[in-house]
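Each chain, letter by letter, is given below.
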Protein chains: 2
Amino acid sequence: MKKKLSIKDIAEQLHVSKTTISWVLNGKADQYAISKALQRKILKHIEKVGYKPNRMAQGLRTGKSKTIGILIEDISDAFFSTLARRFEEILGKKGYRIVYGSTENNTEITKELIQVFRNHQVDGFIIVPAPGIESTVKELVDEKTPVVFIDRPLSDYDGSCVLVDNFRGTAKAIQHLIDNGYQHIAMVTLSSDQAQMRERERGYQITASEAGMDINVLKIKYHEPKDKAVIQLKNFLNKHKETDALFFATNYLAEIGLETILDLKKNIPDQIGIVVFDDANLFRFFKPSITAIAQPIQSICEQAVQLLFEQLESTSEVSPRIVQLPTSLTIRDSSANRLSKAKIPK
Amino acid sequence: MKKKLSIKDIAEQLHVSKTTISWVLNGKADQYAISKALQRKILKHIEKVGYKPNRMAQGLRTGKSKTIGILIEDISDAFFSTLARRFEEILGKKGYRIVYGSTENNTEITKELIQVFRNHQVDGFIIVPAPGIESTVKELVDEKTPVVFIDRPLSDYDGSCVLVDNFRGTAKAIQHLIDNGYQHIAMVTLSSDQAQMRERERGYQITASEAGMDINVLKIKYHEPKDKAVIQLKNFLNKHKETDALFFATNYLAEIGLETILDLKKNIPDQIGIVVFDDANLFRFFKPSITAIAQPIQSICEQAVQLLFEQLESTSEVSPRIVQLPTSLTIRDSSANRLSKAKIPK
DNA sequence: TTGAAAGCGCTAACAG
DNA sequence: CTGTTAGCGCTTTCAA
């Protein structure tokens, strides 16, 4: 069994002190005027024997772990796992590792995970906040731990945050349905009062009512089992027989919706038009392909990391910043009412 | 700014020694006969002031980080992100955190990530091995770091490993196509000689040739841009005009295949049948829905963690074990040749 | 230009 | 039953 080398071993092998090695390794060699020759010698030796500093010891000493904690709703969800991948790339380049946790948008789990990550001495957090975690986040901020929120702000709390324009994104999508001749658009959303959902609902409400349409919203609970949710949607459609288009406020709800429409053997897009918030790669292979509001995932991640580093690198207090990004509408076949020409003139 | 409490602070507040606290916290209180009353008092106080031990210090002292490194191909891929989620659940319950890395099935990136995680003192690895990482893995094993491979073994190296029966899974799928009357089945796979791909190919070859069919395999490079891959598949189909069914060896290849078939305006399943290795949630919403070979993700993760803990908890050498799990065929519409009845009697 | 030594927060051998 | 003490491997102050 090969034992792991420590800085002490290297120092002895080279007959120099640990300090010297530490300086060379941390780019302070010039500052302390260590001869180029010695620097080279040390670097070469380290390379040869494959020495890498023990990060736990470094961490204990410096109080930094070079690790960022990322809390998202669910790593197995297409949207969140794509976010995770981008964060991994961006932070990896900066020499940071990631630990992540799936919160299920649950207050207790989120609090728990924040605690666990805190004990692991993560240097900062990127959080998709579940409701009600204000107090825990406050502790973090009191300790001057950098935190950035994404996807939604934490209500009653201002911290740096990267959001998309949920209102306008939705409004554009609803308008698109209207332009295509749909006349009875209903919305399926989560029974959550988190900001992103409220904004999407507002986008629907305002756009539809300005067009003189009636407003019908079905709210489904976050963890509702799929079969029950399908029944709720069926009842809803039964009650609102005139509905000729559905806007789903999340990807996951769209799954439920498609399941239902499949059951009901309704034809998309003729009998019913579909638009979904959050795009998925595979949507283009559905038949018909599904129109979706796409979030700029790459930008979201870049901005979030930038906000995080502002806090990480600044010594003084950084005032919270909110960055809002636009969405884009990916128009596919599920929203192309082929009867519209016949209908509009009416 | 609230300062973080250390064990020393607690000791002073309670007028006991650090040792006593450490023992109470690590479940050794009874062993060292610390009075129940004192234990309760300590626990209560710790709870009240919210003290949590600094894991970096613990780690430095014990050499354990309570962190597992997981290397997969790509966290944004549906299959791998679902694996990640299960690992998170299972390991989380055992008090372990996860750091993960996406290797892109690339040798250099994998080696690099293993190094980085090693410096972060992870206690063990679960790895989807890229080719050619034997030497790096060997270093790990020399240091007695527990390692478990999943999805495929590392060639020329025996370590504990959780696999699925790629051969039989594929064979079953091909047989299913044959039973449904398809007569010219081709396979689209990656040009990789990793074991899982070889086994899938073997499953196809043997089953198809036993049925007296011709064998046609198209191999696509791992990182081939989608548009180029589509062209390759088109050329292939052009050359083998008789092809009436395609077996895709991975999820990702299926995307390329569906894109192509869409372009070609071929009808699934009548003109061409489809089966895919690896199931995806959304496959059931495709029209027609896609038949797929599903891997038992939950079991894979459970088994892998078990193999990992065998190594983690044992003091002596653990001889490598290989666990092979069965796949299941999820039959949907893309493989139901509606003309088959007419064909078979011929 | 380099080295000695203190100490980050914790665990565990050893002493009482 | 409880406390004293010696490090784990590293960074950094201070002295030479």
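Structure's up top.
Residues numbered from 1 in each chain as written. Chains lettered and ligands numbered in written order. Predicted model: local features only at pLDDT ≥ 70, side-chain atom pairs only at ≥ 80, totals over all residues. Heavy atoms only, no water.

Examining the pairing of strand E6 (residues 185–190) of chain A
Looking along a regular strand, one sees the side chains alternate between the two faces of the sheet.
Residues and elements named next belong to chain A.
Then, in step 1: A large share of E6 lies buried, amounting to 6 of its 6 residues.
Then, in step 2: Every second residue of E6 is oriented toward a common face, with Ile185, Met187 and Thr189 on one face and Ala186, Val188 and Leu190 on the other, all of them buried.
Then, in step 3: Sheet topology note: the E6/strand E8 (residues 245–248) ladder contains 4 bridges and is parallel. Looking at the pairing, Met187 lines up with Phe247 of E8.
Then, in step 4: Pairing of E6 with strand E7 (residues 216–220), which is carried by 5 bridges, proceeds in the parallel orientation. Following the sheet pairing, Leu190 is matched in E7 by Ile220.
Then, in step 5: With helix H9 (residues 195–210) bridging E6 and its parallel neighbour E7, the resulting β-α-β unit is right-handed. (Buried < 20%, exposed > 50% of the residue type's maximum accessible area, 1.4 Å probe, protein only. Helix = DSSP H or I, 4+ residues; strand = E, 2+ residues; numbered from the N terminus. Pairing = 2+ DSSP bridges. Right-handed = clockwise from strand over helix to strand, strands pointing away.)

Points about the relation of the copies chain A and chain B
Then, in step 1: Screw-axis analysis of chain A against chain B gives a translation of 0.0 Å along the axis, an RMSD of 0.1 Å, and a rotation angle of 180°. Here the copies are linked by what is in effect a two-fold axis.
Then, in step 2: Most of the interface of chain A is mirrored in chain B, where 100% of its interface residues again form contacts. (Least-squares fit on C-alpha atoms with pLDDT ≥ 70 in both. Contact = heavy atoms within 4.5 Å.)

Quick look at the protein's contact with DNA strand D
Then, in step 1: Near DNA strand D you find 28 residues, and of these Ile7, Tyr51 and Arg61 of chain A together with Thr19 and Arg61 of chain B are the closest.
Then, in step 2: Backbone atoms, meaning sugar plus phosphate, form 57% of the atoms of DNA strand D positioned within 4 Å of the protein.
Then, in step 3: A distance of 3.0 Å separates a phosphate oxygen of DNA strand D from a polar side-chain atom of Ser22 of chain A.
Then, in step 4: Here Ser17 of chain B contributes a backbone N or O atom positioned 2.9 Å from a phosphate oxygen of DNA strand D.
Then, in step 5: Broken down by secondary-structure element, the contributors of at least two residues to the surface near DNA strand D are helix H2 (18–25) and helix H4 (55–62) of chain A together with helix H2 (18–25) and helix H4 (55–62) of chain B. (Near = heavy atom within 4 Å. Polar contact = N/O pair within 3.5 Å; in protein donor to acceptor, adjacent residues only side chain to side chain.)

Comments concerning helix H12 (residues 297–313) of chain B
Residues and elements named next belong to chain B.
Then, in step 1: Taking 1.5 Å of rise per residue, the 17 residues of H12 would be expected to cover 24 Å, and the 24 Å separating its terminal C-alpha atoms lies within 8% of that figure.
Then, in step 2: Among all positions in H12, only Ile297, Ile300, Cys301, Ala304, Val305, Leu307, Leu308, Phe309 and Gln311 are buried.
Then, in step 3: Elements that come into contact with the buried residues of H12 comprise strand E1 (67–72), helix H5 (78–93), strand E3 (124–127), strand E4 (147–150), strand E5 (160–164) and strand E11 (322–325). (Expected span 1.5 Å × (residues − 1).)

Looking at the sheet that holds strand E9 (residues 273–277) of chain B
All names here are of chain B.
Then, in step 1: Taken in spatial order, the 6 strands of this open sheet run E7-E6-E8-E9-E10-E12, and their pairing is mixed. Sheet topology places strand E7 (216–220) and strand E12 (328–330) at the edges, where each strand pairs with a single neighbour. Each adjacent strand pair in this sheet contributes to an overall mean axis angle of 20°, direction not counted.
Then, in step 2: Bridge count between strand E8 (residues 245–248) and E9: 4 bridges; the pairing is parallel. Bridging across to E9, Leu246 finds its partner in Ile274. (Axes fitted to C-alpha atoms, helices over the stretch in contact; angles between N-to-C directions.)

As for the side chain of Arg200 of chain B
Then, in step 1: Examined against the element boundaries, Arg200 of chain B turns out to sit in helix H9 (residues 195–210).
Then, in step 2: This buried residue, Arg200 of chain B, is left without a salt bridge; Asp151 of chain B holds the nearest opposite charge, at 4.4 Å. (Lys, Arg positive; Asp, Glu negative; His and termini not counted. Salt bridge = Lys/Arg side-chain N within 4 Å of Asp/Glu carboxyl O.)

Looking at the state of the cysteines
Residues and elements named next belong to chain A.
Then, in step 1: Using the criterion set out here, one finds 0 disulfides over all chains in the structure.
Then, in step 2: For the unlinked cysteine Cys161, the closest cysteine sulfur is that of Cys301, found at 13 Å.
Then, in step 3: Accessibility expressed as a relative area gives 1% for Cys161, which makes it buried. (Disulfide = S-S within 2.5 Å.)

Description of the interface of chain A and chain B
Then, in step 1: In this complex, chain A contributes 53 residues to the contact, which on the side of chain B involves 53 residues.
Then, in step 2: For the pairing of chain A and chain B, the buried interface totals around 5,300 Å² over both sides, and the portion due to carbon and sulfur atoms is 59%.
Then, in step 3: Contact with chain B buries surface across chain A, with Met56, Tyr100 and Phe285 of chain A losing the most and accounting together for 15% of the total.
Then, in step 4: Seen at the junction of chain A and chain B, the total is 6 salt bridges.
Then, in step 5: With a shortest N-O distance of 2.7 Å, Asp74 of chain A and Arg85 of chain B are connected by a salt bridge.
Then, in step 6: Between chain A and chain B we count 12 residue pairs in polar contact (both at pLDDT 80 or more) in total.
Then, in step 7: Considered class by class, the residues forming the side of chain A that touches chain B number 18 nonpolar, 14 polar and 21 charged. (Buried area = accessible area lost by both parts, 1.4 Å probe. Nonpolar A, V, L, I, M, F, W, Y, C, P; charged D, E, K, R; others polar.)

Overview of the environment of Lys226 of chain A
Then, in step 1: Relative to the helices and strands, Lys226 of chain A resides in helix H10 (residues 226–239).
Then, in step 2: Residues Lys226 of chain A and Glu255 of chain A lie 29 residues apart in sequence; the distance between their C-alpha atoms is 8.9 Å.
Then, in step 3: Once residues within four sequence positions are removed from consideration, Lys226 of chain A is found in contact with Tyr252, Glu255, Ile256 and Glu259 of chain A together with Arg284 of chain B.

Re the protein's contact with DNA strand C
Then, in step 1: Neighbouring DNA strand C are 28 residues; Thr19 and Arg61 of chain A together with Ile7, Tyr51 and Arg61 of chain B lie closest to it.
Then, in step 2: Protein-proximal atoms of DNA strand C, defined as those within 4 Å of the protein, fall in sugar or phosphate at a share of 60%.
Then, in step 3: Within the side chain of Thr20 of chain A, an N or O atom sits 3.1 Å from a phosphate oxygen of DNA strand C.
Then, in step 4: Between DNA strand C and the protein, one listed contact pairs a base nitrogen with a side-chain N or O atom of Lys18 of chain B at 2.9 Å.
Then, in step 5: Elements with a minimum of two residues in the surface near DNA strand C: H2 and H4 of chain A together with H2 and H4 of chain B.
Then, in step 6: Considering only residue class, the surface near DNA strand C consists of 12 nonpolar, 12 polar and 4 charged.

Comments concerning the packing of H2 of chain B against helix H3 (residues 36–49) of chain B
Helix packing for two helices is described by the angle between their axes and how far apart those axes are.
Residue and element names in this part refer to chain B.
Then, in step 1: The geometry of H2 relative to H3 is characterised by a closest axis approach of 10 Å and an angle of 85° between their N-to-C directions. Judged by the angle between their axes, H2 and H3 are roughly perpendicular. Contacts between H2 and H3 involve Thr20, Ile21, Val24 and Leu25 on the former and, on the latter, Leu38, Gln39, Ile42, Leu43 and Ile46.
Then, in step 2: Residues of the contact of H2 with H3, tallied by class, amount to 7 nonpolar, 2 polar and no charged. (Parallel < 35°, antiparallel > 145°, perpendicular 65-115°, else oblique.)

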